[in-house]
Every structure is written in structure tokens, then in C-alpha cells.
Amino acid sequence: MKHTRQLSTHSRVVKELLTRYKDTFTAFCELLNNSLQAKATRIDLTIDYTGNGIQKAPMTRIELTDNGMGVAASEFEDKILLIGTNVKKDGQGVGRFGALQIGEKMTIDTVAFDPVGAHYTRLHFPLDSSTISSTLSKVNLEYDVEVMKKKANSYYKVTIEKLHHNRQGKIPLRNRISEKFSSDAIQQSIFEKYPLQIFHREVQFTVNGAVLDPSDFVIGTPALKKTMYVDLKGTEHAFDIHFYQVKSALHKVKIFFYIDHAGIKSVAHEFTYSSDWYTPDLGTWFIYLDSSFFNSGLFRNIDLDSLGDEEIRNLKEFIKDTVNDFFKANNKRFEKFIAGLEKDSAYPASFDSPIAQSRELLFQKIAYIVEDDYKLLDQKNEKIRGLFYSLIDKALANGHVEEVFAKVAGLSDVNMQKFHQLLQQTELENIIAFSSAVAAKLSFIDFLYELTYGDVAGVLLERSQLHKIIERELWLFGEAYNGCPHLWSDRKIGNILEELRNKYLNYQPSKEDENLVPDVEGLDNITDLFFFNEKVLDNEDREIMVVELKSPRCAIGKKELQQIDEYAFTVENYPGLPRENTRYKFILVSSRLTPYTKSKMKSSREKYKVPFLYDRKAEKNIEVWVVEWGELIELNKRKLGYLSSRLEVKNRSVKEKFEAEYGNIINEKVAARLTRNKSSLTV
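Residues numbered from 1 in each chain as written. Predicted model: local features only at pLDDT ≥ 70, side-chain atom pairs only at ≥ 80, totals over all residues. Heavy atoms only, no water.

Summarising the element assignment, Asp66 is placed in strand β3 (residues 59–66). Arg42 provides the closest opposite charge to the buried, salt-bridge-free Asp66, at an N-O distance of 10 Å. Here Asp66 is in contact with Ser35, Ala40, Arg42, Ile43, Ser154, Tyr155 and Tyr156, once residues within four sequence places are set aside. (Helix = DSSP H or I, 4+ residues; strand = E, 2+ residues; numbered from the N terminus. Buried < 20%, exposed > 50% of the residue type's maximum accessible area, 1.4 Å probe, protein only. Lys, Arg positive; Asp, Glu negative; His and termini not counted. Salt bridge = Lys/Arg side-chain N within 4 Å of Asp/Glu carboxyl O. Contact = heavy atoms within 4.5 Å.)

Right, here's the structure in full:
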């Protein structure tokens, strides 16, 4: 018998509700949840995969059949045709329409016992959303009802056809077929969502006739840890934490939050987590957190990315500690290896700095993987270990970790995969390379201080080559020169600048000029040093920097200021030197400034409000800078010290991220430490 009924809601409400899920697989799981709520013990999934190139999606049709209670004819309108109702506790009664997010056509076939007529009914309801106009409330929906003469087995079947993904034109993201539907991924995807039901055989899932057996997914017996979480109010919440080792090549740890949705436990949120005590050789683990604490509106109704209060920070510490304890207890091999590694005389000493925490952590894990192939700690040759460990450390510091290991270390394919997975879990390479650069600059600053103020006799050769050393460390003169190479392209201009330099700046200090540094002996052979550099600026202008390094015996006094002023004046008016799109920066550096120069520099600072800037020539865009080595060193020390302290904090953060890949669950203010797994889509 054919029945006709209008869908009782406004069209705008329907459009919002029927496509409200974040992706097609989530919408599909709502159909599975409906089956579980209907007390189904068997759910059969049939997917028609297509191999032709005409279809965009990997399939053309999806059919889901369960052996649950079904829907009787007398209940059909209330349970199926009313949208936005309270038919289902804690729901809006729209899950049954999740199929329409996947395809335009949905067909429901169901058999159930009807208590009103005390008989069984078979119902057939096709719905093609492409026929629903903007005035949905006026659309008549038809369904067929057959009263059965005999007792029948109840079931509920949903068939999805005319998949949105196969339409022409641009497909909205929410309608694209998730990669979780692919023939290679569908079984694993269902297991990830319903592991308890599958492992405990509460429900038998089949995909195209193949039964999802627990042994196909799980290695051994899952571990269950029962514990209590104490919130900030002192209230205790029971937590069941299930640890599954699964058959997968991911070599990662995934954490899932279980939510009780209308009496059905299913996964609400998924994260990737890395424990300090987890190493890739332990395989892939799925960890499910089950607690009534997660059933509050805080977790069910608010996106985790928007959370960030103290309670969440407290919870994330609890989760991290629990997971770390589990892997620590199960990874004695790693603990023993690290203890032996740290005691080994070949262990790099470069990890003493606080900003090297992240590098040391990654070094230890890489060394652990390398040990599988080379058994370095078992070898008596300390030089071999020292060379190999040094290679690891240098590779980390230079940011070319994977390339070096792929080409030099010769790891086995299995261990190279482990190594790759380890790097993919973190963003440590960038922070390690930056930390190493800061540490190297701090070390250079100490070296420069010894060159300019220490016992020069001990660094005589280096002091005589100071200009060549500084050429490679131009960052000393400002952040704009960080990473800037020493370049020069115009020999003619260089010859002019050097000729003028020899004319105006080549001068020996004397007592009469009050610029002779006392107590400096045996350095007559170290003269003033000079170099120039060219840099193309962001606006395509060219900057020519000329650096005059006075000898250890020469302080910058009245005579030197007069010389650099004459030099700048001559350059300003020299016809053979370019004027357009060119800036000149002259830097005069010495280990001492005379009182006269300090007074002049104080006046210049009040005038220009810029440290070390002595004069500006407007005619040719020329700046003259005068600086004492001690001030330049101190300025860079302060900058690097600030970076170092910031890096210590960043290293701790990154180290925690490496330990717990985005740290501990659910915290708005530490969202950068939480990897929220997004659904993949077929494109």
C-alpha cells in the first residue's frame, strides 16, 4: 500500500541538518550508530567499487544492512519523517539522513514487528534529494508498506546511490568521498571507530562478505588500565584506558576519545600522540580513553580547538603521564640503551647547553634506531662510535638529517622507515637547526672577545686575519645581514673604494694624537684591516658596506673621526661611484674609543636616536657608523642571550611535543602541541 506524507520541517532547517557532518565518513558512521542503537548484532556493508575512469569516486553505490529491530510502519513517520525532533535522546533525529551527505538518492528498506497491528510490516522508502525544491515543506514523500502474513526477521537497510562525488563540477568538501571508504582502508577505518564492539565480538561487521575479525587488527590481548582523574574541584572521575597494539605500518600512537552517544560508545575525537618512551619499533598503538567525564557538553558540543582553561591543562598532564608510564613499562630496552649511551665516553658533549634539549632527545632516539644495524655500544673501538655519534649530531645541527642517513648511514629499509616516521612526528629539525645556530654564534662571540680583548699573543695568527673572519660573520652588524654571504661583483668600484681607503684611512696611531692603546706590545705587525661587501636589498637597491677594523694598538679618536669623515665626503662627491639606487654604509671598529670620540658619539645618538650611527650624508645616501668591539659584542650577547632563553622555553615545548606530539590533549593555548587528525578526502 502506497502512503504519502509531507516532510514536516522548513527547507532551510533540513539543508543545515542533513549535511551537518564534517565529512562523508562521519555521516556514514551515524548510520552505523543507528544500527547499534537498534540492537543490531550484525552489520553488513556492501560497496560497489568501480574501476573505470568515468567516475570520480572509487565507488558507485553503498548498501548497509543490519539485523536490528527495524522500523515498523506505524512508527515510520515519527521516527523517520520528522526532523529536528526529540525522538532520540541526546539527538536531533537526523542521523538516519546522513546518507544524503554522501549521495543524492537514499532508499530505506526495513522489516519490523508493528505493535499497533500485532504483525510484521515491510516498508520501502526511496528519497531523491535532487527532487526537493527550496520549498521543501510542500514536497510530498511517498513510501510503500506491506503487511506480512508471517513472522519475519527484522532488518534495516539503507542504500546510497548517485554519489555527490561523481557529479560534474566542483564538489563541496563535505560531500567528497573520504579516503576511509577506499577498499584498502574501509575495514581499518571501521575498526578504529568501533574497536570494543569488534574485539569483544559484540557486533559482527562484514564488508563485501568479509568478516571483520579481531585477529585481523589486534596483536595479542589489549591492555586495560583503570585509573582515576581528579579534576581541579577535587572530584574523581573513573577512566578506562584501553591499549591496542594493531597490525599497521603507521608506527605511531593514536589516541581516541570515547563518547557515549545515545547509549552507543563511539569515537568522537582522534589525535596522534608521541610518548618520550615510545619508539617506532614498538609498532602501532591505538589508545582509547573511556570516561563519563567525556560525556559532558564540554567535550560533546564544543570543538576541542576552542578549549583552553585550567581544567584542560590539568587533564592533558594526566593523559601524558598515563601514556608515558605505559610505554616506559613496556620499553625497558630503550631505557637500558639510553643509560648506557649517556655513560659512553663517545657521547657528544655539545648537549650541555639548555637549548640543546630537543637535539639531544632526537639524537638518543636516532642512535637507538642506528644501534639495530651497527651495534655500536658493543664495539670496543671508541673512535668509530665517536665518529658515528658526531655524524648524527652534526646532521641534526645542520638540518639535513634524513638526507645524511639515507645516503651515508646506509640503514636498512625497515630502519629507514622507522627513522622517517620518527621525523614525520615532529618539527624538531627547524628548532634544532636554529638552536645550533644560536649556540654557534654565542661561541663565536666568546672567541671574538678573546681576539679583541684577551691575550692577543695566543691568537696572533687569527688576529692578523680578523677581517677574513668577520667577512663570514656579517650578522654582527645587524639582523639584516644574518645568513648574508660575503659578495662583491664590481671590481672597478672596489678598486676606487680601496684606493680612497689607502689615501684617507691608512694611518699609524701616535701619542700626539692620543689614539695609541697602552699596554699592547709585540703587535706592530698587525695593521689596520679592511673589507667591503655588497648586498641587494628587498627593494632591489644595492648596499655597499665598507668595514675598517683598526689594529689592536689604535683607538678611535679625533684623527680617526676626521679620516672617516673625509673618506665619506670624498665618496659622496666622487663622480666614478654610483649614486642612484645605491646606499653606502661605512663602519669603523676598534677595541677602544677615546673620551673625545665617546663625547661625539653621545651627541650623534641624541641627534639620530640610533646606537653607533655617527653621521649621515644626504647627497649619496651614506651612513657612517663608529663602534667599539666591546659594545658590539655586548649588544649581540644580549640579543643572543634573549634568543637563547626563548629557545630554552621553545626547546622544552618542542621536546614535549616530541614526547607527546602536541602535548597533552585539549588545550586552546597549546593548540600547536596537539595534532588533530583531519579526515582525508578523495580528490
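End to end, helix α19 (residues 595–608) covers 20 Å across 14 residues, agreeing with the expected 20 Å (1.5 Å per residue, within 8%). Three or more residues of α19 are buried, namely Thr597, Met601, Ser604 and Tyr608. One side of α19 holds all its buried residues, which, seen down the axis, span an arc of 60°. Opposite its buried face, α19 presents the exposed residues Pro595, Lys602 and Glu606, each directed more than 90 degrees away. Structurally, α19 contributes buried residues whose contacts are with α18 (558–573), β18 (613–617) and β19 (622–628). Of the residues trailing α19, Lys609 is marked for its positive phi of about 60°. (Expected span 1.5 Å × (residues − 1). Arc of directions from axis to C-beta.)

Inspection of every chain in the model, using the stated rule, returns 17 salt bridges. A salt bridge links Asp213 to Arg201; the nearest nitrogen and oxygen atoms lie 3.3 Å apart. Of this pair, Asp213 sits in the loop between β9 (210–211) and β10 (223–230) while Arg201 is found in the loop between α6 (195–199) and β8 (204–207), placing the two residues 12 residues apart along the sequence.

Here the focus is the sheet that holds strand β15 (residues 529–536). Sheet strands line up and pair through hydrogen bonds in the backbone, either parallel or antiparallel. Spatial ordering of the open sheet is given by β15-β16-β17-β19-β18, a layout of five strands whose pairing is mixed. If you trace the sheet from one side to the other, it starts and ends with β15 and β18, each paired once. Averaged over all pairs of adjacent strands, the angle between their axes in this sheet comes to 15°, without regard to strand direction. Alignment of β18 against β19, held across four bridges, turns out to be antiparallel. Bridged to Lys617 within β19 is Ile622. Helix-sheet contacts for α18 involve β15, β16 (542–549), β17 (582–590), β18 and β19, and the interaxial angle to β17 is about 165°. (Pairing = 2+ DSSP bridges. Axes fitted to C-alpha atoms, helices over the stretch in contact; angles between N-to-C directions.)

This structure, assessed with the given rule, holds 28 aromatic pairs. Considering the side-chain rings of Phe191 and Phe217, the 4.8 Å spacing of their centres and the 5° angle between planes classify their relative orientation as stacked. Here Phe191, found in helix α5 (residues 186–193), pairs with Phe217, found in the loop between β9 and β10; they are 26 residues apart in sequence, far enough to count as distant. No difference in accessibility class separates Phe191 from Phe217, as the two residues are buried. Ring geometry for Phe256 against Tyr288: centres 4.6 Å apart, planes inclined by 15°, an arrangement best described as stacked. Here Tyr288 lies in strand β14 (residues 284–290) and Phe256 lies in strand β12 (residues 253–261), a separation of 32 residues in the sequence. Taking the relative accessible area as the measure of exposure, Phe256 reaches 1% and is therefore buried. Ring-pair connections join several aromatic residues into one group, and the members of that group are Phe191, Phe199, Phe217, Tyr244, Phe256, Tyr258, Phe286 and Tyr288. If you follow Lys558 out to its NZ or CZ, it ends over the ring of Tyr596, 5.0 Å from the centre. Looking at Lys585, its charged tip hangs above the ring of Trp625, at a distance of 4.7 Å from the centre. (Phe/Tyr/Trp six-rings, centres within 6.5 Å; stacked < 30°, edge-to-face > 60°. Lys NZ or Arg CZ within 6 Å of the ring centre and 35° of its normal.)

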